[in-house]
Amino acid sequence: MTPVDLAVAGGGLIGLSVAWRAAQRGLSVTVVDDAPGSGASRAAAGMLAPVSEAGYGEEALLRLCLASLERYPAFLDELADATGVRVPLRTAGTLVVGFDDDDMRVLADLQRFHVELGLEVHRLLGREVRRREPALSPRVRGALHVAGDLSVDPRELHPVLLAAAEGAGVRLVRSRVAGLLTEDGRACGLALDGGGEVRASTVVLALGPRSGGLAGTPPIPVRPVKGQILRLRGAAGLLEGTVRALVRGRSVYLVPQGDDGLVVGATVEERGFDATVTAGGVHDLLHDAIELVPGVTELELAETLTRWRPGTPDNAPVLGASGMPGLVLATGHHRNGVLLTPLTGELVAELVVSGEPPALAAPFALDRFGRGPT
Ligand code: GLY
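Keep in mind that what you see is a predicted model, and the values were worked out from it rather than measured.

*Asks:* Would you take a moment to explain the overall build of the protein for this structure?
*Replies:* The number of helices and strands found in the protein is eight helices and 19 strands. The C-alpha radius of gyration computed for the protein amounts to 21 Å, which stays within 12% of the reference 21 Å derived for 374 residues, consistent with globular compactness. Taking the principal axes of the C-alpha coordinates as reference, the protein spans close to 65 × 40 × 40 Å. Across the 374 residues in the protein, those meeting the buried criterion constitute 57%. Taking all contacts inside the protein whose residues are at least 6 apart in sequence as the whole, residues at least 24 apart take part in 74%. With an accessible surface of roughly 15000 Å², the protein has 51% of that area assigned to carbon and sulfur atoms.

Dropping the structure here:
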């Protein structure tokens with residue numbers, strides 16, 4: 001088979017956004033994935049929430065996430081122009097809710113952190129919170145309102161991004177990536193399950209949680225972080241926007257999707273690739289969701305599933321050089337894969353096309369962990 005300019009391992013949102021942008025820049029691109037969009041892209045609730053997901057010490061990640069959020073409206077416009085399908089952006093904002101006094105103290109600290117960073121967040125008292133979201137329990141003590149934190153449905157976004165990529169000339173090979181092909185220490189393609197291969201001048205690794213264990217690659221510190229997540233039906237009109245909450249110290253989020261869907265997530269577990277949906281996981285999520293929004297009791301439990309976030313030691317993605325010539329990384333997006341999709345595609349395609357790491361990607365190079373790149 002004739003070598004292509006770029007082979008992308010992984011057809012989730014991240015891999016497709018890189019492939020689409022690279023094809024638009026004139027490269028011949030092949031994406032390899034046996035079941036594109038069936039990993040973290042399928043499980044994610046689709047919160048575009050840099051502020052409400054911001055963690056202490058993660059300011060660089062916050063800036064990256066804000067830059068990607070800023071690109072979302074134009075990204076969806078461009079996808080609509082390319083495919084004729086508009087993926088809606090839910091713009092009702094996000095409430096970060098506290099349930100008891102300890103939860104409210106945590107929220108007060110969080111608000112101080114937001115103010116230090118110059119982020120726009122408003123404190124609401126219990127009554128104001130329920131005026132905004134009347135379905136919330138009267139026991140909710142207060143909340144922070146983050147008007148700029150939005151959401152999108154990744155299950156709507158993925159097929160549209162795939163159609164745009166294919167429309168731009170990207171070829172999809174439906175095989176499992178078995179390993180990286182190398183020659184004289186340089187990446188030169190992908191080996192496929194069953195014996196085939198895709199030869200390429202450059203390979204982008206976008207295998208999400210599998211990125212850390214692929215045969216032939218240098219060490220990449222990405223591990224699977226298990227999340228159990230629920231999908232409920234019958235929630236039309238229940239919530240306007242995303243509700244994140246601390247319920248007696250435990251985090252939960254509720255994200256309305258489509259006409260009557262509600263996603264409730266998610267556990268955070270260090271259990272490798274364990275795929276079990278546990279009684280305890282489902283219980284905790286439902287218990288906290290019902291404490292917050294009693295009307296959840298009436299909804300249909302439509303789906304339970306487990307997937308894995310691609311976690312890194314500092315919770316930020318790994319973008320750019322890998323230490324191996326010809327191998328570029330677009331992985332480790334942990335809790336922010338959907339949010340970082342537009343920007344990752346742009347930055348990684350720019351690096352592949354120009355050979356120059358874009359400034360925005362510089363803080364996220366692999367060498368921050370003390371290895372690579374060359
Ligand atoms: N971003 C939500 C999660 O990782 O569960």
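*Asks:* What exactly am I supposed to notice about the site of the ligand here?
*Replies:* Close to the ligand lie M47, E53, Y253, A266, R309 and R335. At 2.9 Å from a nitrogen atom of the ligand is found a main-chain nitrogen or oxygen belonging to R335. In the complex, 87% of the free accessible area of the ligand, which totals 200 Å², lies under the protein chains. Among the residues making up the shell around the ligand, the classes are represented as three nonpolar, no polar and three charged.

*Asks:* Honestly, the sheet that holds strand β17 (residues 300–311) in this entry has me stumped. Any pointers?
*Replies:* Each strand in a sheet pairs with another by means of backbone hydrogen bonds, the pair being arranged parallel or else antiparallel. Read from one edge to the other, the open sheet built from eight strands follows the order β6-β7-β5-β14-β15-β16-β13-β17, with strand pairing classed as mixed. Both outer strands of the open sheet, β6 (122–125) and β17, are each paired with one neighbouring strand and no more. Along the sheet, successive strands turn relative to each other by an average axial angle of 25°, direction set aside. The pairing of strand β5 (residues 94–98) with strand β14 (residues 242–247) spans five bridges and is classified as parallel. Paired with V96 across the bridge in β14 is R244.

*Asks:* How should I be thinking about the packing of helix α3 (residues 59–83) against helix α6 (residues 154–167) in this particular structure?
*Replies:* Two packed helices can be described by the angle between their axes and the distance between those axes. Viewed as axis vectors pointing N to C, α3 and α6 meet at an angle of 60°, and their least axial separation amounts to 9 Å. What the angle tells us is that α3 and α6 run oblique. α6 is crossed by α3, and the crossing has left-handed handedness. Residue-level inspection shows Y72, F75, L76, L79, A82 and T83 of α3 in contact with α6, the latter providing L157, V160, L161, A163 and A164. Along the lines of polarity and charge, the residues of the contact of α3 with α6 split into 10 nonpolar, one polar and no charged.

*Asks:* Whenever I open this one, the pattern of salt bridges confuses me. Can you help?
*Replies:* Opposite charge on two side chains lets them pair, provided their charged atoms get close. Counted under the stated rule, the structure contains 22 salt bridges. When the shortest N-O distance is used, the salt bridge between R244 and E53 registers 3.1 Å. In this pair, R244 sits in strand β14 while E53 sits in the loop between β3 (47–48) and α3, placing the two residues 191 residues apart along the sequence. For the pair shown, R244 and E53 are each scored as buried.

*Asks:* It is not clear to me how the side chain of Q257 should be interpreted in this structure. Could you clarify?
*Replies:* Relative to the assigned elements, Q257 resides in strand β15 (residues 250–257). A distance of 2.5 Å separates a polar side-chain atom of Q257 from the backbone oxygen of A45. Setting aside anything within four residues of it in sequence, one finds Q257 in contact with A45, G46, R90, V152, D153, P154, R231, L262 and V263.

*Asks:* So what exactly am I meant to see when it comes to the pairing of strand β11 (residues 186–192) here?
*Replies:* Strand residues, when the strand is regular, have side chains that alternate between the two faces of the sheet. Here β11 lies mainly inside the structure; five of its seven residues are buried. In the sheet, strand β10 (residues 177–183) pairs with β11 via six bridges, with the strands oriented antiparallel. Bridge pairing links G179 to A191 in β11. Inspection of the sheet shows β11 paired to strand β12 (residues 197–205) by three bridges, in the antiparallel sense.

*Asks:* Would you mind showing me how to read α3 here?
*Replies:* Along an α-helix, residues three or four apart share an orientation, since each turn contains 3.6 residues. Helix length check: α3, at 25 residues, gives a terminal C-alpha distance of 35 Å against a target of 36 Å (1.5 Å per residue), a fit within 8%. The principal kink in α3, of about 40°, is found at Y72, preceding the proline P73 by one to four residues. All of the buried residues along α3 are L61, L62, L64, C65, A67, S68, L69, Y72, F75, L76, L79 and A80. In the segment just after α3, G84 is the residue with positive phi, at about 80°.

*Asks:* I tried to follow the packing of aromatic side chains on my own but got confused; where do I start?
*Replies:* The geometry of two aromatic rings is summed up by the distance between their centres and the angle between their planes. Going through the model one piece at a time under the given rule, you end up with four aromatic pairs. Summarising the aromatic geometry, the rings of Y72 and F75 are spaced 5.7 Å apart at their centres and angled 75° between planes, so their arrangement reads as edge-to-face. Linking Y72 with F75, this pair stays in helix α3, spanning three residues, or about one helical turn. Like F75, Y72 is buried. Summarising the aromatic geometry, the rings of F273 and W308 are spaced 5.3 Å apart at their centres and angled 70° between planes, so their arrangement reads as edge-to-face. Of the two residues, F273 sits in the loop between β16 (261–265) and α7 (279–292) while W308 sits in strand β17, which places them 35 residues apart along the sequence.

Conventions we followed
Residues numbered from 1 in each chain as written. Predicted model: local features only at pLDDT ≥ 70, side-chain atom pairs only at ≥ 80, totals over all residues. Heavy atoms only, no water. Helix = DSSP H or I, 4+ residues; strand = E, 2+ residues; numbered from the N terminus. Rg over C-alpha atoms; globule rule 2.2 N^0.38 Å. Buried < 20%, exposed > 50% of the residue type's maximum accessible area, 1.4 Å probe, protein only. Contact = heavy atoms within 4.5 Å. Areas by Shrake-Rupley, 256 points an atom, 1.4 Å probe, with all protein chains shown as cover. Near = heavy atom within 4 Å. Polar contact = N/O pair within 3.5 Å; in protein donor to acceptor, adjacent residues only side chain to side chain. Nonpolar A, V, L, I, M, F, W, Y, C, P; charged D, E, K, R; others polar. Pairing = 2+ DSSP bridges. Axes fitted to C-alpha atoms, helices over the stretch in contact; angles between N-to-C directions. Parallel < 35°, antiparallel > 145°, perpendicular 65-115°, else oblique. Left-handed = near helix turned anticlockwise from the far one by under 90°. Salt bridge = Lys/Arg side-chain N within 4 Å of Asp/Glu carboxyl O. Expected span 1.5 Å × (residues − 1). Bend = angle between axes of the 7 residues up to and from the residue. Phe/Tyr/Trp six-rings, centres within 6.5 Å; stacked < 30°, edge-to-face > 60°.

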